[in-house]
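Here is what each chain is made of, one letter per residue.
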Amino acid sequence: MTIFGWIQLAVFTGLLLSMTKPAGLFLARVLDPAGRTFLDPILKPVERLAYRAMGVKPASEQSWKAYAFSLMAFSAAGTAFSFLILRHQDLLPLNPQGFGPMSGHLAFNTAVSFASNTNWQNYAGESTLSYFSQMVALTFQNFASAAVGVAVAAALVRGIARHAAATIGNFWVDLIRVTLYLLLPLSLVYGILLVWQGVPETFGANVKAAGFEAGQVIARGPVASQEAIKMLGTNGGGFFNANSAHPFENPTPLSNFIEMLSIFLIPAGLTWYFGASVKNKRHGWTLWGVMAFLFLAAAVVCWRAEAAGNPRLAALGVSQRQGNMEGKEVRFGAASSALFATVTTDASCGAVNAMHDSFTPLGGLVPLVNIQLGEVVFGGVGSGLYGMIIFVVVAVFLAGLMVGRTPEYLGKKIEAYDVKLCVLYVITTILATLGFAAAAALSKWGVAGLGNSGPHGLSEILYAYSSCAGNNGSAFAGLNGGGFAYNMTLGLAMLAGRFLVIVPVMALAGNLGAKKIVPASGGTFPLSGFTFGALLVSTILIVGALTFLPALSLGPIVEHFIMRATTALFG
């Protein structure tokens, strides 16, 4: 664990902290329909035109049921749109490689994956998808799914901030404003920055290498524009199969650092937006602090495991001075690879610059646990904030039980209905993960897709369903999930992990918004400071981590002890 790794971690955390308030201020203006931004002279006419074209009355707000229905209808239509393009890409333009259509089950999996902000990929993009499919079927969803996540978070924040209210905003207004004022401008600037770093942006066909590597085909395409929203929207789906380990997606250490920072940018800003909206900025900063603590702890554990190297290789005489370099890019090394793995699984991004399947057992345990915590450590755009608020409500409820009084949260009484919605949110992801993972582990089709046997094989299955139900999209790459059964079950896990949990969030927003404000009293539990932060961390770890401990004990944990116990056999 070198000094350069520590400096990188410190600079990353410091920059993230310094960018949180500016990002939150801008988000507050974007998510206020009457808010003004410096982009208004250019984009306000476009916004009005979009409302007219869609028949939206921006001043008209929706109840939580109407908001949820609009969201579901939009997502369903987008999924069908992407599915049809993938199934018929051979009939569409911008297909210089002449790729044929996707199979039905793979097109279903892919369409659901991108609509749910998961971006799980059971295919290699450069050898499967046309430029049209990449740009229209998938990149459209990268913007749309990210905007949907931010919209849900904004609706929940409004429900908490308002009192005796019957509405929580207008989904179509939130969708349009987040896309126009936030995602599109940031992606444009970000894409230009990536082109400067060496990421290609072209409609030209693949080229054949000359000279020493004559005959090798070099894939390229409109990469930079898709890479930008892939990171900003915590999507993670790569243009190339190697994702951000590919030099055309992530050419330099600078691009690597910027990509990691951009994953956390919007989720971190949302914590400040939340604190400002509910008029309790200390509470917002406490949430940021809890997220930062969990992030730093995971990053150090993962880095330490990878920096220590593989003892079996060391026993064979292979130098481990640079740590465990299996499956890693030498231009990034163990420190940047471990940090990237931690960031991408703390957020629901799923982009990778190293293969998690090649991490040491404890190194691979960290990204797996990050996902199973609910991806609330900054988390996905929007989903990280509303997932964290769910845990906050549970923590406040537990605090109320401990002191023997009705729990309150920001002036709202937390009642049985609110707690039931939070439990429904948590248990949905757990059941989608463990239920499908158990079915795969006990079936012939599930075992047939494994690249490894024993505990590592179980880790591959567990990671796949954790990633899909958690809408992350990264993988233990040893698993072959391209068959019919895996495509269908992973697709269903993604649907459950995204849309079945959004419904209780919407219901919670509506219920909290309808409540009256209760004045704070001497017994009101403080929502900022060390005590509340410690309670929230404990709640996240107990609910998120301990639920999966038995399965983890049979996977990466037992694999670690087997590796240590059998190392002498390799000497």
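Please read these numbers as outputs of a predicted model, since none were measured by experiment.

### Some remarks on the overall build of the chain
At step 1: Within the chain, the secondary structure is distributed over 19 helices and four strands.
At step 2: Taking 2.2 N^0.38 as the reference for a compact globule, 571 residues should give roughly 25 Å; the C-alpha atoms of the chain span a radius of gyration of 23 Å, in line with that estimate.
At step 3: Along the three orthogonal principal directions, the C-alpha set of the chain runs to about 70 × 55 × 45 Å.
At step 4: When the accessible surface of the chain is summed, it comes to about 21700 Å², and 69% of that surface belongs to carbon and sulfur atoms.
At step 5: On the chain, the mean spot of the 32 positive side-chain charges and the mean spot of the 23 negative ones are 10 Å from each other.

### Remarks on the pattern of salt bridges
If the charged atoms of two oppositely charged side chains come close together, the side chains can form a pair.
At step 1: The final tally for this structure, using the stated rule, is 12 salt bridges.
At step 2: Note that Glu 47 and Lys 44 form a salt bridge whose closest N and O atoms lie 3.2 Å from each other. Here Lys 44 and Glu 47 lie together in helix α2 (residues 40-54), a separation of three residues that amounts to about one turn. Here Glu 47 matches Lys 44 in class, with each residue buried.

### With respect to the packing of aromatic side chains
At step 1: Taken as a whole, this structure holds 22 aromatic pairs when the rule is applied.
At step 2: Ring geometry for Phe 12 against Phe 257: centres 6.0 Å apart, planes inclined by 85 degrees, an arrangement best described as edge-to-face. Highlighted residues: Phe 12 in helix α1 (residues 3-30) and Phe 257 in helix α8 (residues 253-277), separated in sequence by 245 residues. Neither residue differs from the other here; Phe 12 and Phe 257 are each classed as buried.
At step 3: Judged by centre distance (5.8 Å) and plane angle (75 degrees), the rings of Trp 288 and Phe 378 are edge-to-face. Highlighted residues: Trp 288 in helix α9 (residues 281-307) and Phe 378 in the loop between α12 (361-372) and α13 (383-403), separated in sequence by 90 residues.
At step 4: A residue is classified by how much of its surface remains accessible, and Phe 378, at 1% relative accessible area, is buried.
At step 5: Members of the aromatic cluster, connected to one another through ring pairs, are Phe 12, Phe 257, Phe 264, Trp 285, Trp 288, Phe 295 and Phe 378.
At step 6: Lying over the aromatic face of Tyr 181, Arg 177 brings its terminal NZ or CZ to 4.8 Å of the ring centre.

### Here we look at the nonpolar core
At step 1: Ranked by size, the top nonpolar core spans 145 residues in total, and within it Phe 274, Phe 295, Phe 378, Tyr 409 and Leu 536 carry the most contacts.
At step 2: If one sorts the elements of this core by residue count, helix α5 (residues 131-161) sits on top with 15 residues.
At step 3: Aside from chain neighbours lying at most four places away, what touches Tyr 409 is Ile 160, Phe 274, His 283, Ile 389, Val 392, Val 393, Val 396, Ile 414 and Leu 527.
At step 4: The next biggest cluster of nonpolar side chains, apart from the first, holds 11 residues, and it includes Met 102, Ala 107, Tyr 123 and Leu 129.

### Some details on the packing of helix α7 (residues 224-232) against α8
At step 1: Running from amino to carboxyl end, α7 crosses α8 at an angle of 50 degrees, the nearest separation of the two axes being 7 Å. Classed by the angle they form, the pair α7 and α8 counts as oblique. Every residue of α8 that contacts α7 at Glu 227, Met 231 and Leu 232 is listed here: Glu 259, Ser 262, Ile 263, Leu 265 and Ile 266.

### Looking at helix α16 (residues 454-469)
At step 1: The terminal C-alpha atoms of α16 lie 23 Å apart, and with 16 residues this matches the ideal 22 Å at 1.5 Å per residue to within 8%.
At step 2: Extensive coverage of α16 is indicated by the burial of 13 of its 16 residues.

### Considerations on the environment of Thr 20
At step 1: Structurally, Thr 20 is set in helix α1.
At step 2: We classify Thr 20 as buried; its relative accessible area is 1%.
At step 3: For the pair Thr 20 and Trp 288, spaced 268 residues apart in the sequence, the C-alpha separation amounts to 9.0 Å.
At step 4: Look past the residues within four positions of Thr 20 in its chain and what remains in contact with it is Ala 268, Gly 269, Thr 271, Trp 272, Trp 285 and Trp 288.

### Here we look at a nonpolar patch on the surface
At step 1: Taken together, the side chains of Met 1, Ile 3, Phe 4, Trp 6, Ile 7, Val 11 and Leu 15 define a hydrophobic patch exposed on the protein surface, amounting to about 690 Å² of accessible area.
At step 2: Locating Ile 3 in the fold gives a position in helix α1.
At step 3: Accessibility expressed as a relative area gives 53% for Ile 3, which makes it exposed.

### Description of unusual backbone geometry
At step 1: Unusually for a residue other than glycine, Leu 94 sits at a positive phi of about 55 degrees.
At step 2: By secondary structure assignment, the location of Leu 94 is in the loop between α3 (64-87) and α4 (104-115).
At step 3: The residue Glu 375 is not glycine, and still its phi comes out positive at about 50 degrees.
At step 4: Along the polypeptide, Glu 375 turns up in the loop between α12 and α13.
At step 5: On the basis of relative accessibility, which here comes to 2%, the residue Glu 375 falls in the buried class.

### Overview of the state of the cysteines
At step 1: Tallying each qualifying case throughout the model produces zero disulfides.
At step 2: Not part of a disulfide, Cys 302 finds its nearest cysteine sulfur in Cys 349, a span of 16 Å.
At step 3: Unpaired in terms of disulfides, Cys 349 finds its nearest cysteine sulfur in Cys 468, a separation of 14 Å.
At step 4: Cys 349 gets classed as buried once you look at its relative accessible area, which sits at 0%.

### Structural notes on the environment of Leu 138
At step 1: One can find Leu 138 in helix α5.
At step 2: When its relative accessible area of 2% is taken as the criterion, Leu 138 is described as buried.
At step 3: The spatial distance from the C-alpha of Leu 138 to the C-alpha of Leu 106 is 14 Å, given a sequence separation of 32 residues.
At step 4: Those residues within four positions of Leu 138 in sequence are excluded, and the remaining contacts are Thr 110, Phe 114, Tyr 123, Leu 129 and Ser 133.

### Remarks on α3
At step 1: Taking 1.5 Å of rise per residue, 24 residues should cover 34 Å, and α3 covers 34 Å from first to last C-alpha, within 8% of that figure.
At step 2: What α3 keeps buried is the set Tyr 67, Ala 68, Ser 70, Leu 71, Phe 74, Ser 75, Gly 78, Thr 79, Ser 82, Ile 85 and Leu 86.
At step 3: In this fold, the buried residues of α3 make contact with α4, α5, α6 (171-197) and α17 (484-514).

### Let's talk about the side chain of Ser 358
At step 1: Mapped onto the elements of the fold, Ser 358 is located in the loop between α11 (333-346) and α12.
At step 2: Every residue in contact with Ser 358, bar those within four places of it in the chain, is listed here: Asn 324, Glu 326 and Gly 327.

Reading the values: rules and limits
- Residues numbered from 1 in each chain as written.
- Predicted model: local features only at pLDDT ≥ 70, side-chain atom pairs only at ≥ 80, totals over all residues.
- Heavy atoms only, no water.
- Helix = DSSP H or I, 4+ residues; strand = E, 2+ residues; numbered from the N terminus.
- Rg over C-alpha atoms; globule rule 2.2 N^0.38 Å.
- Areas by Shrake-Rupley, 256 points an atom, 1.4 Å probe, with all protein chains shown as cover.
- Lys, Arg positive; Asp, Glu negative; His and termini not counted.
- Charge placed at Lys NZ, Arg CZ, Asp CG, Glu CD.
- Salt bridge = Lys/Arg side-chain N within 4 Å of Asp/Glu carboxyl O.
- Buried < 20%, exposed > 50% of the residue type's maximum accessible area, 1.4 Å probe, protein only.
- Phe/Tyr/Trp six-rings, centres within 6.5 Å; stacked < 30°, edge-to-face > 60°.
- Lys NZ or Arg CZ within 6 Å of the ring centre and 35° of its normal.
- Core = buried A, V, L, I, M, F, W, Y, C linked by side-chain atoms within 4.5 Å.
- Contact = heavy atoms within 4.5 Å.
- Axes fitted to C-alpha atoms, helices over the stretch in contact; angles between N-to-C directions.
- Parallel < 35°, antiparallel > 145°, perpendicular 65-115°, else oblique.
- Expected span 1.5 Å × (residues − 1).
- Patch = residues over 30% accessible without salt bridge, like charges linked within 9 Å, V, L, I, M, F, W, Y side chains within 5 Å.
- Disulfide = S-S within 2.5 Å.

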